[in-house]
Amino acid sequence: MDESLLQIVRKQVNSAQNLLVVSHVRPDGDAVGSLLGFGLSLQAAGKEVQMVLSDGVPGDFRHLHGSEHIRTQPEGTFDFVVTVDCSDLERTGSALNGYSVPDLNIDHHPTNLNFAKINLVEVEAVATSEMLAEYLPEFGLRITPYVAAALLNGIVTDTLGFRTYNMTPKALRVAADLVEAGAPLPELYHRSLLSRSFNALRYWGVGLSNLQREERMVWTSLSMEDRRAVSYPGRDDADLINILTTLRGADVVLIFVEQGNGRVKVSWRSQPGFDVSRIALEFGGGGHKAAAGAEIEGTLADVQEKVLLATRTLFDEI
Ligand code: 5GP
Ligand code: MN
């Protein structure tokens, strides 16, 4: 990363007193981890900080220290506004409504639109949290044990426990440094990645029993009725997509989740050699080559038909 850019951010962060840190809708472990990592390190430096997720903190991450202070809307004025893990402004939901262009955008998505005044985007980073572990000390901020736990949470969840194909030696070294700084690796691994509710497993059961295959493409869908039937409280896929990726012989897997607002959330995952972020972008979403998502207007059946048609083109190219 450009040293002079880091020095500029360091100066701006040092002179700011009221800061707003925001991450994305339907927050995952890296959204919560990078938000808390930056927010708690600023607080440790004596700054006034508001941390905002417009969808709130999912139950899976409420064990993280500081998550109880994350708000769903900011209040007041700020002299520095940061987004973390957001590839475009729409990803912040309503968190920045009424506020001007963010001062800083820190992210690792190749589909990032560089929407802030300063954009620190590193597509080789496995998580935005990995970038922060490197940059916070450069900004003059401390990695306290709670900051370390938040950042390791982001790395562990975005890499599914250090096993995604974008893993690097650097990410392992950064993770080791965070463990040394006080992050409880096994506890984070279990609580954020492995533990499930009874109803989430029943919801998986519904999705798994509707699994469909067309050559090397596999998909399933989850409707609002499916959620009601098993009393699953979220409107996500309960991470079922990560189970589909374990299927031998499937190069591209998808899940369609009916949202209840006339929209459908689509998740794509692919094996190396397939770039699903390209298809997600066509539908107004984004992500990485191997993991992408979009929220698309239409009924479950319509969205499924359109998306499968577009996704099939990935196989024409090989
Ligand atoms: P997931 O399928 O788990 O929601 O997301 C997979 C990847 O795609 C993540 O990196 C996530 O940030 C990104 N992603 C998911 N949904 C959207 C979306 O609606 N817009 C954009 N820009 N990225 C998304
Ligand atoms: Mn991320």
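You'll find the structure just up there.
Conventions we followed
Every chain's residues receive numbers from 1 upward, in the order its sequence appears when written. Key to labels: chains lettered from A, ligands numbered from 1, both in the order written. It should be noted that, the model being predicted, local features are given only for residues of pLDDT at least 70 and side-chain atom pairs only at 80 or more, the latter also being counted only at that level, while totals for whole chains, interfaces and linings use all residues. Values shown for side chains rest on all heavy atoms present in the structure; no hydrogens or waters enter the calculation. Only strands that DSSP links by at least two bridges are regarded as paired with each other. Put simply, DSSP H or I for four residues or longer makes a helix, DSSP E for two residues or longer makes a strand, and each gets a number counted from the N terminus. Axes here refer to lines fitted to C-alpha atoms; in helices the fit is confined to the stretch in contact. Angles between the N-to-C directions go from 0 to 180 degrees. The contact definition used throughout considers only heavy atoms, calling two residues in contact when any of these lie within 4.5 Å. If a single non-hydrogen atom of a residue is within 4 Å of a molecule or strand, that residue counts as near it. Think of a polar contact as two N or O atoms within 3.5 Å of one another; within protein, one of them needs to be a possible hydrogen donor and the other a possible acceptor, and neighboring residues in sequence only count if both atoms come from side chains. In this description, accessible areas are obtained by the Shrake-Rupley approach with a 1.4 Å probe, and a residue is regarded as covered only by the protein chains that are shown. Here the term buried applies to any residue with accessible area under 20% of the maximum for its type, exposed to any over 50%, and partly exposed to those in between, with areas from a 1.4 Å probe on protein chains only. The aromatic pairing rule takes the rings of Phe, Tyr and Trp, using the six-membered ring of Trp, and pairs them if the centres are within 6.5 Å, calling planes under 30 degrees apart stacked, those over 60 edge-to-face and the rest tilted. Grouping buried Ala, Val, Leu, Ile, Met, Phe, Trp, Tyr and Cys residues that are joined through side-chain atoms within 4.5 Å yields what is termed a nonpolar core.

### Regarding the sheet that holds strand β3 (residues 80–84)
Now for step 1: Spatially, the five strands line up as an open sheet ordered β2-β1-β3-β4-β5, and their pairing is parallel. Edge positions in the sheet fall to β2 (48–52) and β5 (118–121), since each has one partner strand and no second. Strand-to-strand twist across the sheet, computed as the mean angle between neighbouring axes with direction ignored, equals 15°.
Now for step 2: Relative to β5, strand β4 (residues 104–107) is paired through four bridges, and the arrangement is parallel. The residue of β5 that forms the bridge with I106 is L120.
Now for step 3: On top of the sheet, helix α2 (residues 29–44) reaches β1 (18–22), β2, β3 and β4; it is set at about 170° to β2, its chief contact.
Now for step 4: Across the face of the sheet, helix α3 (residues 128–138) comes into contact with β3, β4 and β5 while running at roughly 115° to β4.

### Observations concerning the site of ligand 1
Now for step 1: Around ligand 1, the surrounding shell holds 16 residues, and the nearest of these are R91, H109, K265, S267 and R269.
Now for step 2: S87 is positioned with one of its side-chain polar atoms (N or O) 3.1 Å from a nitrogen atom of ligand 1.
Now for step 3: A distance of 2.8 Å is found between an oxygen atom of ligand 1 and a side-chain nitrogen or oxygen belonging to H109.
Now for step 4: For ligand 1, whose accessible area on its own is 500 Å², the fraction buried by protein is 84%.
Now for step 5: Elements with a contribution of two residues or more to the shell around ligand 1: β9 (263–270), β10 (286–287) and β11 (291–297).

### With respect to the pairing of β4
Now for step 1: Neither face of β4 is open: one carries L104 and I106, the other N105 and D107, and all of them are buried.
Now for step 2: Looking at chain direction, β3 and β4 are connected through three bridges and run parallel. Following the sheet pairing, V84 is matched in β4 by I106.

### A look at the packing of aromatic side chains
Now for step 1: A full pass over the atoms with the stated rule returns six aromatic pairs.
Now for step 2: On the basis of an interplanar angle of 15° and a centroid distance of 4.4 Å, the ring pair of Y203 and Y232 is categorised as stacked. Here Y232 lies in the loop between α8 (224–230) and α9 (241–244) and Y203 lies in helix α7 (residues 198–209), a separation of 29 residues in the sequence.
Now for step 3: Accessibility expressed as a relative area gives 0% for Y203, which makes it buried.
Now for step 4: A relative accessible area of 13% places Y232 in the buried class.
Now for step 5: Every member of this aromatic cluster is reached through a ring pair, and the members are F38, Y135 and F139.

### Considering the nonpolar core
Now for step 1: Of all hydrophobic cores here, the largest spans 52 residues; its most connected members are F38, L104, I106, L120, F139 and L178.
Now for step 2: The leading source of residues in this core is helix α4 (residues 145–158), at eight residues.
Now for step 3: Discounting chain neighbours no more than four positions away, the residues touching F139 are L6, V9, R10, N14, F38, I106 and L120.
Now for step 4: Ranked by size, the runner-up nonpolar core spans 21 residues in total, among them F256, A280, L300 and A310.

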